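Coordinate analysis (summary)
Chain by chain, the residues run as shown.
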Amino acid sequence: MAIKDIQQEILKLKKENDICILAHCYQTPEILEVADFVGDSFALAVEAAKVENKTVIMCGVRFMAETVKILSPDKKVILSNAAAGCPMAEQMDREIIQQVKEQYPDYTVVAYVNTTSELKTVCDVCVTSSSALKICRQIDNDKILFIPDQNLGAWIAKQLPEKEFKLLHGCCPTHAKMTAEDVRKAKAAHPNALFLVHPECREEVVEQADYVGSTTGIMNFAKQSDAKEFIIGTENAIVTHLQNECPNKRFYPLSIDLLCHNMKATTLGDVLACCRGIGGEVIELDEEIRLGAKRCIDKMIEMG
């Protein structure tokens, strides 16, 4: 089947089977074109909770599908490719953080949304890359244990010198492998381009940016800016999406190696199989874990 034929079959089946398709913006264009909602992970979970569809397919990675299930316990949530995990989310578990909490009992534990549901149950508040600074600033405690991304945590800590941050050795392998040399090469090749970067990158990369923000923040900045050229310091799918949406501007990857293999694990064929009821993995969460993780997410919503 040609791509357009597969897409038409998916559109037909999702209507017949009352399915809502969510696609993280790191997914490929052919998947985004059949999705009902496209965006960052938490925003997708919020949208899924609003729809009446009884089945939701997440084209992303496991922790994203878990977040959908946390907010929509009565819906059938399917991860489109069972092998699509998140290395950062899997770097720490509940037992490790419980031990760390015993060493630092007076610290508020802030969990990046890129964590497992089980890990969220022992944390105080969840954050996204776009809300992390605002929420950490609002926390009454001046001692914060930020997990799991040390790069995002360091970026926040630099802007909140009045607070004391404890960071553990965790990161996004895709963003963290970018170096100052990658930035030098990109800027030398495109001297007129603004450099937009995700805070999951190393400090040596982030400190050279013209804009630092979430994936959605980067995309919005590029669309609204009067500038005509941009170097994009996040997953290279965003370069493609921005180039398609803004054909009169030019977008360049920070590096051709800025690729998330877990995000790229999902194919259009996977989505079709899920719509046919023969693919993906149905996400099931123990109710105690779901409620514990939801408490952490609810605190984030409460704090804005």
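Refer to the preceding data block for the structure.
Below is a summary of the structure that appears in this document. (Residues numbered from 1 in each chain as written. Predicted model: local features only at pLDDT ≥ 70, side-chain atom pairs only at ≥ 80, totals over all residues. Heavy atoms only, no water.)

Reading across the sheet, the four strands line up as β10-β9-β11-β12 and stay open at both edges, with parallel pairing between neighbours. Edge positions in the open sheet fall to β10 (211-212) and β12 (250-253), since each of these has one partner strand only. Note: strand β9 (residues 194-197) against strand β11 (residues 229-233), four bridges, orientation parallel. Among the inter-strand pairings, Leu-194 is bridged to a residue of β11, identified as Phe-230. (Pairing = 2+ DSSP bridges. Helix = DSSP H or I, 4+ residues; strand = E, 2+ residues; numbered from the N terminus.)

This part covers the layout of surface pockets. Put simply, the largest pocket is a space of about 530 Å³. Along the walls of the largest pocket sit 33 residues, with His-24, Tyr-26, Met-64, Asn-114 and Glu-200 positioned nearest its centre. At the level of elements, α3 (41-50), α4 (62-71), α9 (173-176) and α12 (215-224) are the ones that each hand at least two residues to the lining of the largest pocket. Its volume calculated, the second largest pocket comes out at about 160 Å³. In this structure, the second largest pocket is lined by Gln-150, Asn-151, Ala-154, Trp-155, Lys-158, Leu-167, Cys-201, Arg-202, Glu-203, Val-206, Glu-207 and Val-212. Secondary structure elements with two or more residues in the lining of the second largest pocket: α8 (150-159) and α11 (203-206). With five residues, the top contributor of residues to the lining of the second largest pocket is α8. Residue classes in the lining of the second largest pocket are distributed as six nonpolar, two polar and four charged. (1 Å grid on protein atoms, 1.4 Å probe; cavity = no way out; pocket = protein on both sides within 12 Å on 5 of 7 lines; lining within 4 Å. Points joined across faces, edges and corners; volume = space filled by probe spheres on them. Nonpolar A, V, L, I, M, F, W, Y, C, P; charged D, E, K, R; others polar.)

On to the packing of α12 against helix α13 (residues 237-245). Contact geometry of α12 with α13 gives a least axis separation of 11 Å together with a crossing angle of 30 degrees. For the element pair α12 / α13, the angle class is roughly parallel. Where α12 crosses over α13, the handedness of that crossing is right-handed. Residues Thr-215, Met-219, Ala-222 and Lys-223 of α12 pack against Ile-238, His-241, Leu-242 and Glu-245 of α13. Along the lines of polarity and charge, the residues of the contact of α12 with α13 split into four nonpolar, two polar and two charged. (Axes fitted to C-alpha atoms, helices over the stretch in contact; angles between N-to-C directions. Parallel < 35°, antiparallel > 145°, perpendicular 65-115°, else oblique. Left-handed = near helix turned anticlockwise from the far one by under 90°. Contact = heavy atoms within 4.5 Å.)

One can describe the packing of α3 onto α4 by two numbers: an axis separation of 9 Å at closest approach and a directional angle of 35 degrees. Of the two possible hands of crossing, α3 and α4 adopt the one that is right-handed. Between α3 and α4, the contacting residues are Ser-41, Phe-42, Ala-45, Val-46, Ala-48 and Ala-49 on the first element and Phe-63, Met-64, Thr-67, Val-68 and Leu-71 on the second. Here the residues of the contact of α3 with α4 are counted per class, giving nine nonpolar, two polar and no charged.

Bringing the packing of aromatic side chains into the picture now. The geometry of two aromatic rings is summed up by the distance between their centres and the angle between their planes. A full pass over the atoms with the stated rule returns three aromatic pairs. A centroid spacing of 5.4 Å and a plane angle of 75 degrees characterise the contact between Tyr-104 and Tyr-107, whose relative ring orientation is edge-to-face. Residue classification places Tyr-107 among the buried positions, given a relative accessible area of 11%. Pairing Phe-230 with Phe-251 gives two aromatic rings, centres 5.3 Å apart and planes at 15 degrees, and the pair type is stacked. Of this pair, Phe-230 sits in strand β11 while Phe-251 sits in strand β12, and the two are 21 residues apart along the sequence. What makes Phe-230 buried here is its relative accessible area of 0%. Owing to a relative accessible area of 5%, Phe-251 belongs among the buried residues under this scheme. (Phe/Tyr/Trp six-rings, centres within 6.5 Å; stacked < 30°, edge-to-face > 60°. Buried < 20%, exposed > 50% of the residue type's maximum accessible area, 1.4 Å probe, protein only.)

Another point: the nonpolar core. The biggest cluster of nonpolar side chains holds 90 residues, and the ones touching the most others in it are Phe-146, Ile-147, Ile-156, Ile-232 and Leu-254. For this core, the leading source of residues is α4, giving six residues. Beyond its immediate stretch of four places on either side in the chain, Leu-254 contacts Met-178, Asp-182, Val-183, Ala-186, Phe-195, Val-205, Ile-231, Ile-232 and Gly-233. Counting residues in each nonpolar core, the second largest holds 18 residues, with Ile-6, Leu-13, Ile-57 and Cys-274 among its members. (Core = buried A, V, L, I, M, F, W, Y, C linked by side-chain atoms within 4.5 Å.)

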